[in-house]
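Spelled out, the chains give:
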Amino acid sequence: MGSWTDILNELQQRTRFHEQKAASVLDDVRRENLKKLFEYTKRNTIAYYSAFLSKPRIQGAEIVDDDKNALMNCIHNLDRKRGLDLILHTPGGDVAAAESIINYLREMFGNNIRALVPQIAMSSGTMIACSCKSIVMGKQSSIGPIDPQLSGIPADVVVSEFKRAYEEISEDAKKAQVWAPILSRYPPSFVTQCEYAVQWAKNLVEDALKRNMFAEDKDDSRAKEVTESLSSSELNKTHSKHLHYNDCRNIGLNVEMLEDDQQLQDLLLTVHHSYIHTTSNSTCLKIVENHDGRAMVRHAPPASAPQNPSVGFGGPS
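Here the focus is the packing of aromatic side chains. If you walk through the whole model with that rule in mind, you get two aromatic pairs. Their ring planes at 15° and their centres at 4.6 Å tell us that Y49 and Y275 sit as a pair that is stacked. With a gap of 226 residues between them, Y49 in strand β1 (residues 44-50) and Y275 in helix α12 (residues 262-280) connect regions that are remote in the sequence. Judged by its relative accessible area of 0%, Y275 is buried. Between Y186 and F190, the ring centres sit 5.9 Å apart and the planes meet at 35°, which makes this aromatic pair tilted. No difference in accessibility class separates Y186 from F190, as the two residues are buried. In this structure, R30 is placed above the aromatic ring of Y275, and the distance from its NZ or CZ to the ring centre is 5.4 Å.

Following this line, the structure appears as structure tokens:
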């Protein structure tokens, strides 16, 4: 396996001995390793990578509608009969964008889609993973809860808090004085917006599970149970909770263990470390790239520039 250090050494050696620019070496190593993964699986392979770990809290690292353009670019001219292995490394993002991406990928590949999560696919990234036939995870991999956030506020918690307030005040009117300053923070229609957001997220994931991962189930019970587990703030406590492979299997998701196929593990983690080096050592904010080297790359703006990341085709330089 090409560990993080192994890839770093290779990058340094190529830069030193071949007199290539660092950005060019990043491109070459990353694409060579993605191609090797494709040659092993014989499945179309698209890497969807965000630089959210190396560039935290920067706009543009999340899932957005423009990502569909990147996927369209990568899917163009692929033999769709081969299916798709989608490598996900993302903090999540816009639910509407994720829903649109799910629908588009289904139109392109039907149910023949597998999610590969070498490290992290959170929130709406988890939604996309749940729309696949299975999720490939290693011991280091994690997905996350799908409860929506409205302006950084967990919608499910707001709904639960409002219900609790109603119940406590109904039992003891004196508690209205305690709840008044809390409930006064909510603008008009906010609680209803939260209810709609929670229901939307649940419907999206449950439908995605029924259409693909659990398509052969005789009833919808497993899809409902998995959706409730992923969306419950009471169960997960925080939106940033990391759900590892045992957690995912226990709630009923179809999880393939990466360690069960040592060659796949070696190839995927080598790809992962190659992308981590690219996002850590360049202005690259997001890469969506296929096994043939066709890519769309989003770059982070200079620190003093407005937060409007630029988009380019090709390498991260």
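Now that the structure is up, let's keep going.
In this section: the packing of helix α4 (residues 95-109) against helix α8 (residues 190-211). Between α4 and α8, the shortest axis-to-axis distance is 11 Å and the interhelical angle comes to 15°. Looking at the two axes, α4 sits roughly parallel to α8. Remark: the crossing between α4 and α8 carries left-handed chirality. Residue-level contacts link V95, A96, E99, I102 and R106 of α4 to W200, L204, A208 and R211 of α8. Classifying every residue of the contact of α4 with α8 gives six nonpolar, no polar and three charged.

So, about the side chain of K286. Tracing the sequence through the fold places K286 in strand β10 (residues 284-290). The class of K286 is buried, set by a relative accessible area of 2%. Within the structure, the side chain of K286 is placed 3.3 Å from the backbone oxygen of G60, a separation counted as a polar contact. Excluding anything up to four places from it in sequence, K286 contacts Y48, Y49, S50, G60, A61, E62, I63, V64, D67, M296, V297 and R298.

Here S160 shows up in helix α6 (residues 155-171). In this structure, the C-alpha to C-alpha distance between S160 and S233, residues 73 residues apart in sequence, is 9.0 Å.

Conventions we followed
Along each chain, residue indices are assigned from 1 in the same order as the chain's sequence is written. For a predicted model such as this one, the threshold for reporting local features is a pLDDT of at least 70, and the threshold for listing and counting side-chain atom pairs is 80 or more; totals across whole chains, interfaces and linings nevertheless cover every residue. Based on all heavy atoms of the structure, the side-chain values leave hydrogens and waters out of the count. Aromatic rings from Phe, Tyr and Trp, taking only the six-membered ring of Trp, are treated as a pair when their centres fall within 6.5 Å; an angle between ring planes under 30 degrees marks them as stacked, one over 60 as edge-to-face, and anything in between as tilted. Every helix listed is a DSSP run of H or I at least four residues long, and every strand listed is a run of E at least two residues long, numbered separately from the N terminus. For every residue, the accessible area (1.4 Å probe, protein chains only) is compared with the maximum for its type, and the residue is labelled buried under 20%, exposed over 50%, or partly exposed between those bounds. For a lysine, the NZ atom is tested; for an arginine, the CZ atom; a charge sits over a ring if that atom is within 6 Å of the ring centre and within 35 degrees of the ring normal. Whenever a helix is involved, its axis is fitted only over the stretch in contact; in every case the axis is a line through C-alpha atoms, and angles between N-to-C directions fall within 0 to 180 degrees. Put simply, angles under 35 degrees are roughly parallel, angles over 145 are roughly antiparallel, angles from 65 to 115 are roughly perpendicular, and the rest are oblique. Left-handed describes a crossing whose near helix is turned anticlockwise from the far helix by less than a right angle; the clockwise case is right-handed. Contacts are assigned to residue pairs with any non-hydrogen atoms lying within 4.5 Å of each other. Each residue gets one of three labels, nonpolar for Ala, Val, Leu, Ile, Met, Phe, Trp, Tyr, Cys and Pro, charged for Asp, Glu, Lys and Arg, and polar for the others, Gly among them. Any pair of N or O atoms that falls within 3.5 Å is considered a polar contact. Within protein, one atom must be able to donate a hydrogen and the other to accept it, and sequence-neighbouring residues count only if both atoms are side-chain atoms.

The quantities given are spatial measurements derived from coordinates; they are silent on function.
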